[in-house]
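# Descriptive structure summary
As a plain string of letters, each chain reads:
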There are 2 protein chains.
Amino acid sequence: MATIHDVAKKAKVSVTTVSRVLNNRGYISEATRAKVFKVMEQLNYQPNEIARSLLRKQSNVIGLIIPNVAHPFFGEFANHVENYAYGKGFKMLLCNSQLDPVKEKDYIDMLKRNRVDGIIMGSHTLQVEEYIHLNSPIVTIDRQIGTDIPYISSDNRMGGSMAAKLLLAQGCRKIAHICGNLELQLLANRRTEAFLEVMKENGMEPVVVQTDIDVFQQLQYGRIIRRLFEEHPDIDGLFATSDIIAAFVIKECAAIGKRVPEDVKIIGYDDINAASWMMPPITTIKQPIEQMAQMAVDLILQQMNEEEYRPENVLPVSLIERATT
Amino acid sequence: MATIHDVAKKAKVSVTTVSRVLNNRGYISEATRAKVFKVMEQLNYQPNEIARSLLRKQSNVIGLIIPNVAHPFFGEFANHVENYAYGKGFKMLLCNSQLDPVKEKDYIDMLKRNRVDGIIMGSHTLQVEEYIHLNSPIVTIDRQIGTDIPYISSDNRMGGSMAAKLLLAQGCRKIAHICGNLELQLLANRRTEAFLEVMKENGMEPVVVQTDIDVFQQLQYGRIIRRLFEEHPDIDGLFATSDIIAAFVIKECAAIGKRVPEDVKIIGYDDINAASWMMPPITTIKQPIEQMAQMAVDLILQQMNEEEYRPENVLPVSLIERATT
DNA sequence: GTTGATATGTCAAACGTTTGACATACGAAG
DNA sequence: CTTCGTATGTCAAACGTTTGACATATCAAC
């Protein structure tokens, strides 16, 4: 790989001059500029960003830690993060924790060793302490840890409440709710809280089941849902904490001969792309995934530049009515 | 951030000694080793990988360029690449080209500037020349460019042929095929070739429609499929080049009152996770996504280490029969 | 002729680490 | 006592770049 020295030598100028045209500083005549660029072209020169990063003490890399990109929600999120970051001149290092606490810690250390400019943390199994002496910019998704670290979430309470009201308005009498594991202290738990509050206000007491810790072992969904319907065959409305769970519920309903939405009304959460092209298309609470992703990047940049930033960021959700309610 | 000098000073040893314990080389007494590690702990020291990379001339980063991680196939692929690479001590820089030739070129340059150890290229809009003077290790997914650059694909011909045979065996009389845009010179085109060959051998001539270049604008699918069924209302079998397209076909069939699989049999390609939890679950040709991902990483490592490697890697597919046929 | 803007050059330090060459010191084995 | 293995140290170069300080030269304007 050609270095700046090679370019300088071939263009018969000093490295300083090459550096100057590269960084557009100081006086440079058009002739020299053109000559230098031409040589760069010829040598197929690409400035070594590693050396630059070392000197600049800035890598222009953002680390993203999520459970798994193959999960549609995180896949869409990661896509938007990367896109937006790219527009701002940043790269994205992707880490799939698989919700393994060891890997999660490991990834944090790895990102620190690589001097990323910030970390977007979308995977949460760790104790809070691990983050505390993390002096680099960070932002969490759907989890609040201390008051100093900014977080982003959708308006989970609003979402839970909207879901409850919709099922009630549609006349459901026996309602169930499948939530994530409540021990992971995610803000998503607020969906459940708000959902149950609204239910209680209306004199209803839904059946609630939690998924296991490892949310992405999709095999468990079938089992959980099957048992739910076995124990409560009269369920006629269900709020699932993700569209994927909702999809599994639809599948299970088909298996046991219940019609959706005639016999059972189902509402999901997230509004992943698949929610609209599934059959039947899923009624869901839409999280503004792209906006959340952009805000995450912005919060990193603001911390980097020591600008003001909002520590608490709850973005509005919206109800998307499709064919399952 | 603490440097190796801070550690040395605090531990009252030389930087050389610290470096020695860090890299496990030369003689080090247990006492010093322990002392140094203790200080590192106290200072929360993380060796600067940027400096290391610069010196070592190796970044331990692999760049992955794909159209979009939000697309389930690429999301699953990216997950497996990252996982496997992580196990081998490599990080993954993710690039979503959005199938934009300009971004694609830009990303290649960016990855070169960042001295990644290799590039896994899963997005292909460029002319071949762009890759040619790319001296770093590279491997392409589903595209062959020259004989020097290794590629990986599933056995597209086999897949196309299996799909054709299945539809024929199930007695379909009016068969359609939706393929990607054939101008992108993907190996996926071979699915179409083999599919048509088998059809021809059996005296059938399927209707073939291509999607537009930007395969991921899912909006177009509905339109294309709607027109297909308008022009050929008697279609009773369809092979789609991806499970997502298959899902859209299912959706369209529901809209126009055709039953799947009774009236129309549908077979997809990829076997993304969603294929199994969709309703009805999709019959499809399974690509060994994880194996392809691991092989991609291995091919990069082999090139890095100047080991022998196989330039052509066609992995077997399998037919997964579910409920749409 | 002086001044000032423009253009380029030289030189060295800095970023944080590794590595090789070499020196020194201690203790044990011969 | 010599030799060798162990343990540590000093020093400097290297990776590729940026940057500041400073020097020099040309050319135009005054």
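For clarity, every value in this text was computed on a predicted model and none was experimentally measured. (Residues numbered from 1 in each chain as written. Chains lettered and ligands numbered in written order. Predicted model: local features only at pLDDT ≥ 70, side-chain atom pairs only at ≥ 80, totals over all residues. Heavy atoms only, no water.)

On to the environment of valine 249 of chain B. All names here are of chain B. The residue valine 249 is located in helix H11 (residues 243-255) in this model. Valine 249 gets classed as buried once you look at its relative accessible area, which sits at 0%. When the C-alpha atoms of valine 249 and isoleucine 50 are compared, they prove to be 49 Å apart, with 199 residues separating the residues in sequence. Beyond its immediate sequence surroundings of up to four residues, valine 249 is in contact with Ile178, Ile225, Phe229, Leu238 and Ile266. (Helix = DSSP H or I, 4+ residues; strand = E, 2+ residues; numbered from the N terminus. Buried < 20%, exposed > 50% of the residue type's maximum accessible area, 1.4 Å probe, protein only. Contact = heavy atoms within 4.5 Å.)

We now examine the packing of helix H1 (residues 4-11) of chain B against helix H2 (residues 15-23) of chain B. Residue and element names in this part refer to chain B. In the contact formed by H1 and H2, the axes pass within 8 Å of each other and the chain directions differ by 105°. The orientation of H1 relative to H2 falls into the category roughly perpendicular. Two secondary-structure elements touch here, H1 through Ile4, His5, Val7 and Ala8 and H2 through Val15, Val18, Ser19 and Leu22. Along the lines of polarity and charge, the residues of the contact of H1 with H2 split into six nonpolar, two polar and no charged. (Axes fitted to C-alpha atoms, helices over the stretch in contact; angles between N-to-C directions. Parallel < 35°, antiparallel > 145°, perpendicular 65-115°, else oblique. Nonpolar A, V, L, I, M, F, W, Y, C, P; charged D, E, K, R; others polar.)

Take the domain arrangement of chain A next. Taken domain by domain, chain A consists of domain 1 (4-55), domain 2 (61-154 + 289-315) and domain 3 (156-287). For domain 1 of chain A versus domain 2 of chain A, the separation of C-alpha centres amounts to 35 Å. (Domains from an automatic or database assignment.)

Time to look at the interface of chain A and chain B. Facing the 53 residues of chain A at the interface are 53 residues of chain B. Counting each side, the surface lost to burial between chain A and chain B is near 5,000 Å², with a carbon and sulfur contribution of 60%. When the buried surface of chain A facing chain B is broken down by residue, Ile50, Arg115 and Trp277 of chain A rank first, second and third, together holding 16% of it. Remark: the boundary between chain A and chain B carries two salt bridges. In this assembly, chain A and chain B are joined by 26 residue pairs in polar contact (both at pLDDT 80 or more). Looking at the side of chain A that touches chain B residue by residue, the classes come out as 25 nonpolar, 17 polar and eleven charged. (Buried area = accessible area lost by both parts, 1.4 Å probe. Salt bridge = Lys/Arg side-chain N within 4 Å of Asp/Glu carboxyl O. Polar contact = N/O pair within 3.5 Å; in protein donor to acceptor, adjacent residues only side chain to side chain.)

We now examine helix H9 (residues 189-201) of chain A. All names here are of chain A. The end-to-end C-alpha distance of H9, which contains 13 residues, comes to 19 Å, matching closely the 18 Å that a straight helix rising 1.5 Å per residue would cover. Those residues of H9 that fall on the buried side of the exposure criterion are Asn189, Arg191, Thr192, Ala194, Phe195, Val198 and Met199. The secondary structure elements touched by the buried residues of H9 are helix H8 (156-169), strand E6 (175-179), strand E8 (237-240) and strand E9 (265-270). Of the residues one or two after H9, glycine 203 is the one with positive phi, at around 70°. (Expected span 1.5 Å × (residues − 1).)

Attention shifts here to the protein's contact with DNA strand C. Taken together, 26 residues lie near DNA strand C, and Thr17, Ser29 and Thr32 of chain A together with Ile4 and Tyr45 of chain B sit nearest. Backbone sugar and phosphate groups make up 62% of those atoms of DNA strand C lying within 4 Å of the protein. Within the contact set of DNA strand C, a phosphate oxygen lies 2.3 Å away from a side-chain nitrogen or oxygen of threonine 32 of chain A. Where the surface near DNA strand C is concerned, the elements lending two or more residues are helix H2 (15-23) and helix H4 (49-56) of chain A together with H1, H2 and helix H4 (49-56) of chain B. Considered class by class, the residues forming the surface near DNA strand C number ten nonpolar, eleven polar and five charged. (Near = heavy atom within 4 Å.)

Attention now moves to the protein's contact with DNA strand D. Surveying the vicinity of DNA strand D reveals 26 residues, the closest of which are Ile4 and Tyr45 of chain A together with Thr17, Thr32 and Lys57 of chain B. In DNA strand D, atoms within 4 Å of the protein come from the sugar-phosphate backbone in 63% of cases. Here tyrosine 45 of chain A contributes a side-chain N or O atom positioned 2.6 Å from a phosphate oxygen of DNA strand D. Here a phosphate oxygen of DNA strand D sits 2.8 Å away from a polar atom, N or O, in the side chain of arginine 52 of chain A. Looking at the surface near DNA strand D, the elements with two or more residues in it are helix H1 (4-11), H2 and H4 of chain A together with H2 and H4 of chain B.

Right, let's get into the pairing of strand E1 (residues 61-66) of chain B. All names here are of chain B. When you tally the buried positions in E1, you get six out of six residues, the bulk of the element. Crossover handedness for the path E1 to helix H5 (residues 72-87) to strand E2 (residues 91-96): right-handed. Alignment of E1 against strand E3 (residues 118-121), held across four bridges, turns out to be parallel. Across the sheet, the residue bridging to isoleucine 62 is glycine 118, located in E3. (Right-handed = clockwise from strand over helix to strand, strands pointing away. Pairing = 2+ DSSP bridges.)

All names here are of chain A. Inspection of the entire model under this criterion finds 24 salt bridges over all chains. Between lysine 105 and aspartate 109 there is a salt bridge whose closest N-O contact spans 3.1 Å. Residue lysine 105 and its partner aspartate 109 are located together in helix H6 (residues 101-113), separated by four residues, close to a single helical turn. Overall, lysine 105 belongs to the partly exposed group, its relative accessible area being 31%. Owing to a relative accessible area of 16%, aspartate 109 belongs among the buried residues under this scheme. Put simply, glutamate 197 and arginine 157 hold a salt bridge, and the shortest N to O gap is 2.7 Å. With glutamate 197 in helix H9 and arginine 157 in helix H8, the pair connects residues that are 40 residues apart, well separated along the chain. Given the relative accessible area of 33%, arginine 157 is considered partly exposed.

The subject of this paragraph is the nonpolar core. Within soluble globular proteins, side chains that are nonpolar tend to cluster in buried spots. Within the largest apolar cluster, 111 residues are counted, with the highest numbers of intra-cluster contacts made by Phe77, Ile120 and Val249 of chain A together with Phe77, Ile120 and Val249 of chain B. One finds Tyr107, Ile138 and Ile149 of chain A together with Ile108 of chain B within the second-largest nonpolar core, a separate group that totals 32 residues. (Core = buried A, V, L, I, M, F, W, Y, C linked by side-chain atoms within 4.5 Å.)

What follows concerns the relation of the copies chain A and chain B. Of the transformation placing chain A onto chain B, the axial shift is 0.0 Å and the rotation is 180°, giving an RMSD of 0.1 Å. Each copy turns onto its partner about a two-fold axis. Identified as the residue of chain A closest to the rotation axis by C-alpha distance is leucine 93 of chain A, at 2.3 Å. Same-surface contact between copies: 100% of interface residues of chain A are shared with the interface of chain B. (Least-squares fit on C-alpha atoms with pLDDT ≥ 70 in both.)

Moving on, we come to the pairing of strand E8 (residues 237-240) of chain B. Residue and element names in this part refer to chain B. The alternating pattern of E8 places Gly237 and Phe239 on one face and Leu238 and Ala240 on the opposite face, and all of these are buried. Looking at chain direction, strand E6 (residues 175-179) and E8 are connected through four bridges and run parallel. Each residue of the ladder has a partner; that of histidine 177, found in E8, is phenylalanine 239. Alignment of E8 against strand E9 (residues 265-270), held across three bridges, turns out to be parallel. Each residue of the ladder has a partner; that of phenylalanine 239, found in E9, is isoleucine 267.

Residues and elements named next belong to chain A. A sheet is described by the order of its strands in space; here six strands give the open sequence E7-E6-E8-E9-E10-E12, paired in mixed fashion. Taken across any chain shown, the strands that pair with only one partner, and hence form the sheet edges, are strand E7 (207-210) and strand E12 (318-320). Each strand axis lies, on average, 20° off the axis of its neighbour in the sheet, ignoring direction. Packing against the sheet, H9 makes contact with E6, E7, E8 and E9, and its axis sits at approximately 165° to E6.

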